[in-house]
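# A look at the structure
Here's the letter readout for the chains.
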Amino acid sequence: MPWRKVPGLAPASLWGLRLPQKFLFLLFLSGLITLCFGALFLLPHSSRLKRLFLPPRIQQPGLEVVADIAGHPLAREQDLLPNPAPAAPAPGQDGPSSQSRVRRKKGWARRVRPTGARRLPDDGTRFSFDFNAFRSRLRHPVLGSGAEQQEESGSPVRAQREKIKEMMQFAWQSYKRYAMGRNELRPLTRDGYEGSMFGGLSGATIIDSLDTLYLMELKEEFQEAKAWVEDSFHLNVSGEASLFEVNIRYIGGLLSAFYLTGEEVFRVKAIQLGEKLLPAFKTPTGIPKSSVNFKSGSWGWATAGSSSILAEFGSLHLEFLHLTELSGQQVFAKKVRNIRSVLRNLEKPFGLYPNFLSPVSGTWVQQHVSVGGLGDSFYEYLIKSWLMSAKTDVEAKTMYYEALEAIETYLLNVSPGGLTYIAEWRGGILDHKMGHLACFSGGMIALGAEDAEEEKRNHYRELAAEITKTCHESYARSDTKLGPEAFWFNSGREAVATQLSESYYILRPEVVESYMYLWRQTHNPIYREWGWEVVTALEKYCRTEAGFSGIQDVYSVVPSHDNKQQSFFLAETLKYLYLLFSDDDVLSLEDWVFNTEAHPLPINHSGSSAGARRPR
């Protein structure tokens, strides 16, 4: 019978249901669909979800567990923390453990991976750093063979080395007691100091001390420092930081600690922190700004005419190449190679490198040249880049010797009293002064003498010795036997500060740094004698009841302390003094170069990417 309207009855739907019934059915059906679709998202190991919602770089065969933990708070903090590389058991033991550790966290598991540190670089392929292979390529045991120490049993040199070790232990324990976790210790007020140049990062003294504690075999103290890095060193900070200082102290210290121990936490933290510095390079030229804001990722301006400083952007090369080495991310190496390219192609006045460069236009801003502050470590990193590359970075070598020739031609002077010094150049006019920071140059020139043209090698060795002698004179001519921040050669006065504002000493390392390099090159006992004079003066004038402090006037035997134990005192000054009284194969210069904060970084003995391999 055909369907027809029945008088007095409401029409039914196509399903034979009345409208109220239809509404109830649709409500039930929509609820059922919602429940089923929602359950799909709650499945913990849904391969469909992974295909639909995970980023392409995570969708790698065999990496499902990595994807599962990507949203975990620890995974976000540690950037998919890989399994640890085999770690050196403790300071004083060179061989890493042959067994990699497998960590498990409550609530999630990680698949066991082969020995070594793995990471997903930008190209989406796996990368591995073989720590065992790296250590096997070193030509000397990290802490030396111990032959000289055994021969010196009961000798003055061994006692001197042990004294320096005691000074380090005292500096560390004072910091731990009064300022643990803060950036630096204030020994007079017995509290900590944060400062503003690290952008909210903490523990600068801890990171700076890691390799020195390891070197001196202060095992308990090293474990304390390591535990703090594991538990309390957080990178989720939001301040504005100095690109240069964070790089040389934090990244340099973490890289060094990893290469010495194989402890994975140091590698991971170094890479994560390096990534936070990359926004500083977002300029028209790729020359980075002096500071970076960790919260916004924006950069800050230098103070001198909106320019970047040569010693700052020129002292990233060593660390950033090692960040690429340990992460597989080429971005780090590309950034510093671009800096090198810009500088290489710029026209230099008389072959000299001025201290200020516009990161926008790529032109020099001022005609001020100095081998001391503002310029110093740029030259240092040129020769050390050559050495760290196992003498394959010919561009760095060429730039270094060309710069050294220009410095010798236009800045080098000899005083009427026979002291050799490097003046500062301002548009062709010389300031006849030398800063304490410039005193590293004696060691630098000695380090590079071996690879100069044959007819210049002896000349450079003699020049290194003469400059180092001048810096020693700046110490010897003060009442405390510690050197001023800057010293002049004019008006019949030589190697002395001429005003109180330049008479302070803040525990700087550059003079003893040169003593160490000259000792290793010549074994002339005068350098150990001079080094011991510094130890004696530090003990007499800078040691307080609660740590070491700088002094405000080196020409007064009644010290006025500045209430600050600089982190570089533990990183550099005490380390170089200890090495001065150690065997040559302790952190051998055949295996290591020191960054400008004295953190040792390995020379690439592999002939290619040291320690890196790709899975087949």
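Summarised in this report is the structure supplied together with it. (Residues numbered from 1 in each chain as written. Predicted model: local features only at pLDDT ≥ 70, side-chain atom pairs only at ≥ 80, totals over all residues. Heavy atoms only, no water.)

### Quick notes on the packing of aromatic side chains
- Taken as a whole and assessed by the stated rule, the structure comprises 32 aromatic pairs.
- When the ring of Phe 350 is compared with that of Tyr 410, the centres are 5.1 Å apart and the planes differ by 50°; the resulting orientation is tilted. Of the two residues, Phe 350 is situated in the loop between helix 14 (331-345) and strand 9 (356-357) and Tyr 410 in helix 16 (residues 394-410); the sequence distance between them amounts to 60 residues.
- Given a relative accessible area of 53%, Phe 350 falls into the exposed group. (Phe/Tyr/Trp six-rings, centres within 6.5 Å; stacked < 30°, edge-to-face > 60°. Helix = DSSP H or I, 4+ residues; strand = E, 2+ residues; numbered from the N terminus. Buried < 20%, exposed > 50% of the residue type's maximum accessible area, 1.4 Å probe, protein only.)

### Here's the deal with the side chain of Lys 575
- Within the secondary structure, Lys 575 sits in helix 21 (residues 567-580).
- With relative accessibility at 1%, the residue Lys 575 sits in the buried group.
- When sequence neighbours within four positions are dropped, the list of residues in contact with Lys 575 reads Asp 211, Thr 212, Leu 215, Leu 570, Phe 594, Ala 598 and His 599. (Contact = heavy atoms within 4.5 Å.)

### Some details on the pairing of strand 16 (residues 486-490)
- In terms of residue burial, strand 16 counts as a mostly covered element, since 4 of its 5 residues are buried.
- One ladder, built from 3 bridges, connects strand 15 (residues 433-435) with strand 16; its direction is antiparallel. Counterpart to Gly 435 in the pairing with strand 16 is Ala 486.
- In the sheet, strand 16 pairs with strand 17 (residues 493-496) via 3 bridges, with the strands oriented antiparallel. Across the sheet, residue Trp 488 finds its bridge partner in strand 17, namely Val 496.
- Connecting strand 16 to the antiparallel partner strand 17 that follows it, the hairpin turn spans 2 residues, and Ser 491 within it adopts a positive phi of roughly 50°. (Pairing = 2+ DSSP bridges.)

### Some thoughts on the pattern of salt bridges
- Per the counting criterion, the structure on display carries 26 salt bridges.
- Salt-bridge contacts for Lys 575 lead to Asp 211; the nearest nitrogen and oxygen are separated by 2.9 Å. On the criterion of sequence distance, the pair formed by Lys 575 in helix 21 and Asp 211 in helix 8 (residues 204-215) is long-range, its members being 364 residues apart.
- Judged by relative accessible area, which is 2%, Asp 211 ranks as buried.
- The salt bridge partner of Asp 393 is Arg 340, with a shortest N-O separation of 3.1 Å. Of this pair, Asp 393 sits in the loop between helix 15 (376-388) and helix 16 while Arg 340 sits in helix 14, and the two are 53 residues apart along the sequence. Side by side, Asp 393 and Arg 340 carry an identical accessibility label, which is buried.
- Connected through salt bridges with shared partners, the residues Glu 184, Glu 245, Arg 249, Lys 564 and Glu 597 form a single ionic network. (Salt bridge = Lys/Arg side-chain N within 4 Å of Asp/Glu carboxyl O.)

### Structural notes on the packing of helix 15 against helix 17 (residues 441-449)
- Two elements in contact, helix 15 and helix 17, have axes whose closest approach is 10 Å; the angle formed by their N-to-C orientations is 25°. Between helix 15 and helix 17, the crossing angle belongs to the class labelled roughly parallel. Judged by the sense of rotation from one axis to the other, the crossing of helix 15 with helix 17 is left-handed. Each of Tyr 379, Glu 380, Ile 383, Lys 384 and Leu 387 in helix 15 lies in contact with helix 17, whose residues at this interface are Met 444, Leu 447 and Gly 448.
- Partitioning the contact of helix 15 with helix 17 into residue classes produces 5 nonpolar, 1 polar and 2 charged. (Axes fitted to C-alpha atoms, helices over the stretch in contact; angles between N-to-C directions. Parallel < 35°, antiparallel > 145°, perpendicular 65-115°, else oblique. Left-handed = near helix turned anticlockwise from the far one by under 90°. Nonpolar A, V, L, I, M, F, W, Y, C, P; charged D, E, K, R; others polar.)

### Details of the sheet that holds strand 14 (residues 429-431)
- With antiparallel pairing, the 3 strands of this open sheet are ordered in space as 10-13-14. Looking at strand neighbours, the two that pair on one side only are strand 10 (368-369) and strand 14, the edges of this open sheet.
- Examined bridge by bridge, strand 10 and strand 13 (residues 424-426) share 2 bridges and lie antiparallel to one another. The partner of His 368 across the bridge, within strand 13, is Arg 426.

### Observations regarding the environment of Ser 474
- Structurally, Ser 474 is set in helix 18 (residues 457-476).
- At 2.6 Å, the side chain of Ser 474 forms a polar contact with the backbone oxygen of Cys 471. (Polar contact = N/O pair within 3.5 Å; in protein donor to acceptor, adjacent residues only side chain to side chain.)

### A closer look at helix 19 (residues 510-522)
- The end-to-end C-alpha separation of helix 19 is 18 Å, in line with the 18 Å expected for 13 residues at 1.5 Å each.
- Counting buried positions along helix 19 gives 11 out of 13 residues, so the element sits mostly inside the fold.
- Where helix 19 is concerned, the buried positions are Glu 510, Val 511, Val 512, Glu 513, Ser 514, Tyr 515, Met 516, Tyr 517, Leu 518, Trp 519 and Arg 520.
- Structurally, helix 19 contributes buried residues whose contacts are with helix 15, helix 17, helix 18, helix 20 (526-542), helix 21 and strand 20 (592-594).
- Once helix 19 ends, the next one or two residues include His 523, with phi positive near 55°. (Expected span 1.5 Å × (residues − 1).)

### As for the state of the cysteines
- This model, assessed by the stated rule, comprises 1 disulfide.
- With a sulfur-sulfur separation of 2.1 Å, Cys 439 is cross-linked through a disulfide to Cys 471. Between Cys 439 and Cys 471 the disulfide shows an S-S torsion of about -95°. By sign, it is left-handed. Residue Cys 439 is located in the loop between strand 15 and helix 17, and its partner Cys 471 is located in helix 18; the two are separated by 32 residues in the primary sequence. One exposure class covers both Cys 439 and Cys 471, and it is buried. (Disulfide = S-S within 2.5 Å.)

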